[in-house]
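As a plain string of letters, each chain reads:
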Amino acid sequence: CSSELSSGINAEYGDDELLLKGFREILQNYIGRYNSAVLASRQTSSQSYTDYISSWIYWTPREESSGYNLDLSLLLCLYEIVHLNRSFTTVLTQTMSASTSHITNDDTGDKTEEHHSNLLSSFLTFTSLIFSDLKDNLTAAQLCFDILLCISEDHYANAFMHDENQVFHVFIYRTKLRHRKETGKEVSAMSLAYTLLDLMSEFLMTNLVKKFPFELYTKCYRVLHRLLCYQKKCRVRLSYPWTTLWNSIINAVKWSLKLEDPEMINNYIQVGRIFNMFVMYGDTFLPSPGSYDELYYELLRQHSVFDTLNEKAVSYSNKGVQYKEPCRELLANLHNIRAIVNHFSPKIEAWSTANKISTPAPEEVMDIVRCNYDTLTLKLQDGLDHYERYSETAREQQFLTSLVRMICKEKRETTDLQIDSAVYRKFANIGQ
């Protein structure tokens, strides 16, 4: 059923620019209305601390709420077109005329701004709203990630997203957490690659729940890896606060390790590949040499997470034949991180002893790192900047087939099929 829909959409739209633009207008209108409705609703409601704790502990996916008219059929069509018709990428990124947007900030109040946008920037806002309520939007979140995977491996889309001259004001919804109250903030004009990194970092931080959505986390890491591969290949130095992303990834790993689930090995393999990209190729895309110092500092500061991950890889390899090869790959990905920790930790301890300081300050640690780069030995790993292009696995095909059947069933139940016979005959004769 899903494959029939896919071929139908591909044949229908093909390279017809007028049809593609028409579909873009439909999506832009729907996504814009959805974003406005959800943001307006959330501004008038607040979650109590008890509700927050309850949702944090008891995470149970359920059917998507129809309160904000979440149309999965349109989202599915967008996925199919982006996946099968890469010509749509140019339409997706086309900048439209200036529009007026309404932004609410908890500190400064309401503010109306006029700025340019495109379907991709609106989709990133839409996706942030979906991610912020994952328990109600699990199916939509999976579709959003699959769309982002297709976009992030498209060369034209990457070139556009990383173009410093193409900047947009994109509102990313930020879930209320115990350590922050605001649900959003006025955003400066940024490249869409910057915004997408922010979106991935936000997802990693705000979905650490007991029933861990490890498949979505794997997709998130795959999106990040594709962005890094493009930045390395094209030597794009994005001025992004990378420390935020590194901490989001490490904290996600720290949380998931508590769950004792060997099925999350693929998550950890992706994490290892991402950090090895920074360690081995960071000189091609990190904004400054100081970024390397900050990277090594974070790896040293949270080395216990990687130590535990290494222990888990060893123990999981004994749980069954199916885990041996993934665990071997994971251990190989952790080699350089452990080499960094084992190289610098004794030097930091020696410096602390000599200066009679129990805990060196971050700048002092980074000074030690800078002075000892030359004696560090790392292992070059093949294929870090390569990935398999997105394709539907058997599991994803099953998911899409079930989704199409569910959408068809709902449309039959909610659509009035009473058709005037005269109108039917009029349209039936078209083309004859």
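Worth saying up front: this structure is predicted, and the values here are computed from it rather than measured.

**What to know about the overall build of the chain**
- Along the backbone of the chain there are 18 helices and four strands.
- Every one of the 432 residues in the chain was classed for burial, and the buried ones make up 52%.
- Taking contacts inside the chain between residues at least 6 apart in sequence as the whole, the part at least 24 apart equals 77%.
- For the chain, the accessible surface area stands at approximately 21,500 Å², while carbon and sulfur atoms represent 50% of it.

**Some points on the nonpolar core**
- Formed by 124 residues in total, the largest nonpolar core has its most connected members in Phe 88, Phe 126, Met 200, Tyr 221, Leu 224, Trp 242 and Phe 275.
- At 11 residues, helix H12 (residues 265-281) tops the list of elements feeding residues into this core.
- With near-sequence residues (within four places) excluded, Tyr 221 lies in contact with Leu 204, Ile 249, Ala 252, Val 253, Asn 267, Gln 270, Val 271 and Ile 274.

**Focus: the pattern of salt bridges**
- A full pass over the atoms with the stated rule returns 16 salt bridges.
- Close ionic contact of Lys 219 with Asp 146 constitutes a salt bridge, the shortest N to O distance being 2.8 Å. Taken together, the residues span a long stretch of sequence, with Lys 219 in helix H10 (residues 214-234) and Asp 146 in helix H7 (residues 138-152) at a distance of 73 residues.
- Among the residues examined, Asp 146 registers a relative accessible area of 1% and is labelled buried.
- The closest approach of N and O atoms between Glu 325 and Arg 328, which form a salt bridge, is 2.6 Å. Of the two residues, Glu 325 and Arg 328 both sit in helix H15 (residues 321-354), three residues apart, roughly one turn of that helix.
- According to the relative accessible area criterion, Arg 328 is partly exposed, its value standing at 48%.

**Some words on the side chain of His 225**
- One can find His 225 in helix H10.
- One polar contact links the side chain of His 225 to the main-chain carbonyl oxygen of Leu 384, over a distance of 2.7 Å.
- Among all residues touching His 225, those that are not within four sequence positions of it are Gln 270, Arg 273, Ile 274, Met 277, Leu 384, His 386 and Tyr 387.

**Focus: the packing of helix H13 (residues 289-301) against H15**
- Running from N to C, H13 and H15 point in directions that differ by 85°, and their axes come no closer than 10 Å. The angle between H13 and H15 falls in the class roughly perpendicular. Between H13 and H15, the residues in contact are Tyr 296, Leu 299 and Leu 300 and Ile 337, Ile 340, Val 341, Phe 344, Ser 345 and Ile 348, respectively.
- Looking at the contact of H13 with H15, its residues break down into eight nonpolar, one polar and no charged.

**As for unusual backbone geometry**
- Here Glu 260, not a glycine, exhibits a phi torsion of approximately 55°, which is positive.
- Turning to its location among the elements, Glu 260 is positioned in the loop between helix H11 (242-257) and H12.
- The residue Lys 356 is not glycine, and still its phi comes out positive at about 55°.
- Secondary-structure assignment places Lys 356 in the loop between H15 and helix H16 (362-371).

The rules behind each value
Residues numbered from 1 in each chain as written. Predicted model: local features only at pLDDT ≥ 70, side-chain atom pairs only at ≥ 80, totals over all residues. Heavy atoms only, no water. Helix = DSSP H or I, 4+ residues; strand = E, 2+ residues; numbered from the N terminus. Buried < 20%, exposed > 50% of the residue type's maximum accessible area, 1.4 Å probe, protein only. Contact = heavy atoms within 4.5 Å. Areas by Shrake-Rupley, 256 points an atom, 1.4 Å probe, with all protein chains shown as cover. Core = buried A, V, L, I, M, F, W, Y, C linked by side-chain atoms within 4.5 Å. Salt bridge = Lys/Arg side-chain N within 4 Å of Asp/Glu carboxyl O. Polar contact = N/O pair within 3.5 Å; in protein donor to acceptor, adjacent residues only side chain to side chain. Axes fitted to C-alpha atoms, helices over the stretch in contact; angles between N-to-C directions. Parallel < 35°, antiparallel > 145°, perpendicular 65-115°, else oblique. Nonpolar A, V, L, I, M, F, W, Y, C, P; charged D, E, K, R; others polar.

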